[in-house]
Amino acid sequence: MARKPKVGGFVSTTVEVEGRTETRIVELPAFEPTPWTDDAPLTIVGTNVPRVDAAEKVTGRARYTADVDRPGMLHAYILRARVPRGSIRTFDAAAARAMPGVFDVMGPGDAPAKTRLLGNEILYAGQPVAAVCASSLHEARAAAHAIVVEYDTAPFAVTFGAAMAPDAPAVRPTGNNAPNSPLVISRGDVEAGLSAADVVITREYRTPVALHTALEPHGAACEWDGDRLTVWESTQGIFRVRADVARALDVPQSKVRVIKDYMGGGFGAKNGAGAHTFIAALLARRTGRPVRCINDREAEQLDSGNRPATVQRVTIGAKKNGALTAIQLSADIPLGISGWEGGPAQIYHELYACPNVRTQETFAYVNTSGMQAFRGPGYVEGAFGLESAMNELARELKIDPLALRRKNFAKKDPRQNRPYSGNALLECYEKAAEAFGWGKAVDGSPFTANRSPSTRSGSAPTRTAVGRGLACQIWPTGGGPPSYANVRINPDASIDVLAGTQDLGTGSRTVLAQIAAEALGAKVEQVRAIIGDTQSLPYTGNSWGSMTTASVGPAVRMAAEDAKRQLFEAAAAMLNATPDALESRDSRIVVRDTDRSMTFAEVTGKLGNVMISGKGSRGPNPQGVAIDTFGVQMAEVEVDLDTGVVRVLRVVAAHDAGRIINPALAESQMQGGILQGVGYALYEERVTDAKLGVVLNTSMHDYKIPTMADVPAITVLWADGADAAANHTGARGIAEPPIIPTAPAIAAAVADAIGTTVREIPLTPWRVLGAMAAAARA
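Since the model is a prediction, treat every value here as computed from it, not as a measurement. (Residues numbered from 1 in each chain as written. Predicted model: local features only at pLDDT ≥ 70, side-chain atom pairs only at ≥ 80, totals over all residues. Heavy atoms only, no water.)

Novice: Could you give me a rundown of the overall build of the chain, with the residues and numbers involved?
Specialist: When you go through the chain residue by residue, the secondary structure sums to 18 helices and 31 strands. The C-alpha radius of gyration of the chain comes to 28 Å, within 12% of the 28 Å expected for a compact globule of 778 residues. Here the chain holds 778 residues, and the buried ones make up 59% of them. A fraction of 80% describes how many contacts in the chain between residues 6 or more apart in sequence connect residues 24 or more apart. When the accessible area of the chain is evaluated, it comes to approximately 29600 Å², of which 51% is carbon and sulfur surface. Computed over 80 positive and 81 negative side-chain charges, the separation of the two mean positions in the chain equals 1 Å. (Helix = DSSP H or I, 4+ residues; strand = E, 2+ residues; numbered from the N terminus. Rg over C-alpha atoms; globule rule 2.2 N^0.38 Å. Buried < 20%, exposed > 50% of the residue type's maximum accessible area, 1.4 Å probe, protein only. Contact = heavy atoms within 4.5 Å. Areas by Shrake-Rupley, 256 points an atom, 1.4 Å probe, with all protein chains shown as cover. Lys, Arg positive; Asp, Glu negative; His and termini not counted. Charge placed at Lys NZ, Arg CZ, Asp CG, Glu CD.)

Novice: Go over the packing of helix α6 (residues 238-249) against helix α7 (residues 275-287), please, and point to the residues and values.
Specialist: One way to put it is that α6 packs onto α7 with a least axis distance of 11 Å and a crossing angle of 55°. As summarised for this structure, α6 and α7 are arranged oblique, according to the angle between their axes. Handedness of the crossing formed by α6 with α7: right-handed. Contacts from V241, D244, V245, A248 and L249 of α6 reach α7 at T277, F278, A281, L282 and R285. Tallied by class, the residues present in the contact of α6 with α7 amount to seven nonpolar, one polar and two charged. (Axes fitted to C-alpha atoms, helices over the stretch in contact; angles between N-to-C directions. Parallel < 35°, antiparallel > 145°, perpendicular 65-115°, else oblique. Left-handed = near helix turned anticlockwise from the far one by under 90°. Nonpolar A, V, L, I, M, F, W, Y, C, P; charged D, E, K, R; others polar.)

Novice: Requested: an account of the state of the cysteines, with residues and values cited.
Specialist: With the rule as written, the count across this model stands at zero disulfides. Between C133, a free cysteine, and C293, which holds the nearest cysteine sulfur, the sulfur-to-sulfur gap is 9.9 Å. Residue C472 stays outside any disulfide, its sulfur separated by 9.1 Å from that of C428, the closest cysteine. (Disulfide = S-S within 2.5 Å.)

Novice: Give me the lowdown on the nonpolar core, citing residues and values where you can.
Specialist: Core analysis: the biggest nonpolar cluster contains 110 residues, and L393 and I746 have the highest contact counts within it. Looking at this core, the element that brings in the most residues is helix α10 (residues 379-397), giving ten residues. Excluding residues that lie within four positions of it along the chain, L393 makes contacts with V199, I201, I316, A318, L324 and L404. If you look at the next biggest cluster of nonpolar residues, it comprises 47 residues, including I495, L512, A529 and L567. (Core = buried A, V, L, I, M, F, W, Y, C linked by side-chain atoms within 4.5 Å.)

Novice: Go over the sheet that holds strand β23 (residues 582-585), please, and point to the residues and values.
Specialist: An order of β23-β24-β25 is seen for the three strands of this open sheet, with the pairing classed as antiparallel. Looking along the sheet, the strands with just one partner apiece sit at the ends: β23 and β25 (597-599). Recorded for the sheet is a direction-independent mean angle of 20° between the axes of neighbouring strands. As paired strands, β23 and strand β24 (residues 588-591) are joined by four bridges and run antiparallel to one another. Pairing of L582 across the sheet is with V591, part of β24. Together, β23, β24 and β25 form the strand contacts of helix α14 (residues 548-575), whose direction differs from that of β23 by roughly 115°. (Pairing = 2+ DSSP bridges.)

Novice: Which residues make up the confidence of the model for the chain, and what values go with them?
Specialist: Looking at the chain, pLDDT values average 94 and 96% of them are 70 or higher. Low pLDDT, under 50, characterises residues 444-453; the predicted model gives this stretch 28 contacts beyond four residues in sequence or across chains. (pLDDT = per-residue confidence, 0-100.)

Novice: How would you summarise the packing of α14 against helix α15 (residues 600-607) if you had to cite specific residues and measurements?
Specialist: At a minimum axis distance of 10 Å, the contact between α14 and α15 shows a crossing angle of 85°. On the basis of the axis angle, α14 is roughly perpendicular to α15. From α14, L567, A570, A571 and M574 reach across to α15, where they touch F600, V603, T604, K606 and L607. Taken together, the residues of the contact of α14 with α15 sort by class into seven nonpolar, one polar and one charged.

Novice: Requested: an account of the sheet that holds strand β6 (residues 121-122), with residues and values cited.
Specialist: As summarised here, the arrangement of the three strands in space is β6-β4-β8, forming an open sheet in which the pairing is antiparallel. Only two strands of the sheet have a single neighbouring strand rather than two, namely β6 and β8 (148-153). For strand β4 (residues 86-92) and β6, the ladder comprises two bridges, and the chain directions are antiparallel. Across the sheet, residue G86 finds its bridge partner in β6, namely I122.

Novice: Before we move on, can you summarise the pairing of strand β19 (residues 461-476) with the specific residues and values?
Specialist: Residues in a regular strand project their side chains so that they alternate between the two faces of the sheet. Among the 16 residues of β19, 14 are classified as buried, and the element is accordingly described as predominantly covered. Bridge count for β19 against strand β27 (residues 628-640) is 13 bridges, and the pairing is antiparallel. The residue bridging A471 from the neighbouring strand is Q633, located in β27.

Novice: Can you lay out the pattern of salt bridges for me, pointing to particular residues and giving the numbers?
Specialist: Overall, the coordinates contain 48 salt bridges when judged by the stated rule. The salt bridge partner of E381 is R307, with a shortest N-O separation of 3.2 Å. Here R307 lies in the loop between α8 (297-303) and β15 (310-318) and E381 lies in helix α10, a separation of 74 residues in the sequence. This pair shows no difference in class: E381 is buried, exactly as R307 is. A salt bridge links R509 to D503, with the nearest nitrogen and oxygen atoms 3.9 Å apart. Residues participating in the shared-partner salt-bridge network are E16, E350, D413, R415 and R418. (Salt bridge = Lys/Arg side-chain N within 4 Å of Asp/Glu carboxyl O.)

Novice: How would you explain the side chain of T359 if you had to name every residue and give the values?
Specialist: Summarising the element assignment, T359 is placed in strand β17 (residues 357-365). On the basis of relative accessible area, T359 is assigned to the buried category, the value being 0%. Only 2.8 Å separates the side chain of T359 from the side chain of H349, close enough to count as a polar contact. Apart from residues lying up to four places away in sequence, T359 is in contact with L183, V184, I185, L329, A345, Y348 and H349. (Polar contact = N/O pair within 3.5 Å; in protein donor to acceptor, adjacent residues only side chain to side chain.)

Novice: Talk me through helix α12 (residues 425-436); I want residue IDs and the actual numbers.
Specialist: Taking 1.5 Å as the rise per residue, α12 with twelve residues should run 16 Å; its terminal C-alpha atoms sit 16 Å apart, in good agreement. Turning to α12, the residues buried within the fold contact α11 (401-407), β19, β27, β28 (646-656) and β31 (713-718). Once α12 ends, the next one or two residues include G437, with phi positive near 80°. (Expected span 1.5 Å × (residues − 1).)

Novice: Pulling in residues and values, what's your account of unusual backbone geometry?
Specialist: The omega torsion of the bond from P481 to P482 falls at -5°, within 30 degrees of zero and hence cis. By the element assignment, P482 lies in the loop between β19 and β20 (484-489). Residue I761 is joined to P762 through a cis peptide bond whose omega torsion reads 5°. For P762, the location among the structural elements is in the loop between α17 (742-754) and α18 (765-777). For T213, which is not a glycine, the phi torsion comes out positive at approximately 55°. If you trace the backbone, T213 turns up in the loop between β10 (199-207) and β11 (219-225). Within the chain, S587 stands out as a residue other than glycine whose phi angle is a positive 60°. With respect to the element layout, S587 can be found in the loop between β23 and β24. Residue class for S587 comes out buried when judged on its relative accessible area of 5%.

Novice: Lay out the side chain of S543 with the relevant residues and their values.
Specialist: Summarising the element assignment, S543 is placed in the loop between β22 (527-530) and α14. For S543, a relative accessible area of 6% puts it in the buried group. Side chain to side chain, S543 and T548 meet in a polar contact 3.2 Å long. Discounting chain neighbours no more than four positions away, the residues touching S543 are Q236, N271, T501, Q502, L504 and T548.

Below you can see the structure in the form of structure tokens.
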């Protein structure tokens, strides 16, 4: 059941979160369960257990933040600036206050300084300048638009070039437009590596500002009971929201309760409290009534975060046999008005065995809303540059792109010269190639498009071309502490798993129930995962960076093992056996090699109200080991040579993520990530008018995301084997990896189809046609 108990104490451990390495002080667990290796006799983990919340979702019983309806609740609406830079000259809310249904108006100076809201200075279009709460959302919106705000405008910069120009205006009130000097990371001697190369290519790639566009917008409902605040929030981190609200409003965390039930997507944008949270909490305190504040779609697209654009200048050198000698990147990244320096460089250091790598990232603040983490931040942008360059290098060398990857396979982490906990990327190559038919002819020509005219049924002849491409990915997915869980066996033998985590729609409730049922030897239908409440549940961190299963899963397993130990101790006396002689399956305890047994319910029935409650925590990560998920994706596209329209026909994805707890849920994650990657490759691009400083496509009509009509055939494959070195469940994360290689694989397929590379995404018809025209002129 478990290894020898450990001596308590605290140690430091490193945790990689979305490309950032953090050092944390954590408590050593009381014991460490024996790892579930490949030969572990598991019957629930690894199976397609249906979503435990499926019925609630399909019947409409699942409650989202917008469904929270408290007695006497008011509705808030945020008024936002329409200029990109300046200050408020006059603010007149008299008309708004007089409108029917209005309870309160907040304007400049009405929010505590720690919220960083409702100031006099305007730094970007879409910045909150006022808020109104009223009996209905319609009344609140109408009153907000009755507020008269006059601005003194100021020079602004909404592009990297404008912000970094010698005569650039001050983007922010203090500091430089560049947060720091360029970030340079290097290993080896790049100049020597380029000199030693037989082939050197230099290319420039561009990626757009992309918006999260979750179907459920940001929102919160807040209610005060004396000096205690309850927040219902659509969030990826209930404990982080609690900390944010407590700090901003100067109240103890013990007096802030955050609840998150169901959630309609976050993708990195919902990692903490936002303007909607603070506005709802402040208006609720001012009015003495519950207040709900939900972003409308324009606000969601304007001011809820984004994936920043990049310009990546890539130079790669290689020998004639494909062995890489040097990789060099120079990248420009406009962050918006705020953000962390999560650029594209990291993947350049990690994906391939190249001795000489140098990256330089230059970040700039600009007068647009600030960036936020977005599914695979940095790696998605970086993969487009690196993998596109690798595909162009393969063309120059006349080497199969897959063979080029095999040639430069990294047997250990090249960035920190440490072993991997596991790396089955070569197996992924084999599985994907076989399923996709990589290397087989497309109408007689391997790796070359079919450019002959074809006729679609019921339409005039069209000139189309089919192309194929591939790209690879790496993503740190080890998870880590601190995470805590409790497992409670009730008197009727029903089982509760308690953990303060979040289910973003990914199936965390189901996965945690599976892990607990497997560890206990219980029927999974008797296990319920209770999550999403800071008041009654033990701490876990944010659901970000593909960390939830690898972070919370081990804590749940440990708590279940602890509860099973207590259950076996109670049952041993009833069965005239020792605890070591017992085993359990399907909620029945049996004495090994005998016919004596009792159900869980029979044991707990005899115990009455004696509480069986197991406790678990996530231990430190293994030292000196890189824990990553790897994968390759192959895409086939059809390009209309007359219109430039690209249609993705199919994608084959093979990934190594350690043990897959629930294959159906993991495949769903893959499909969602690939579809987001299709959007990034073909459609999604925030458009900002550089002269006016305003965003032009703030609706889902104008900001295009894929629909069901755009979904290609998707085949998902997994490398075999658990990663017992990563943690004792053997699982790594899988949420981010599928989006990372999708766009470069599609771009490579388009290049194969039209015979030239489009180096800027999204691959819109005009960019495809423009690249074809430029190639024809060359």
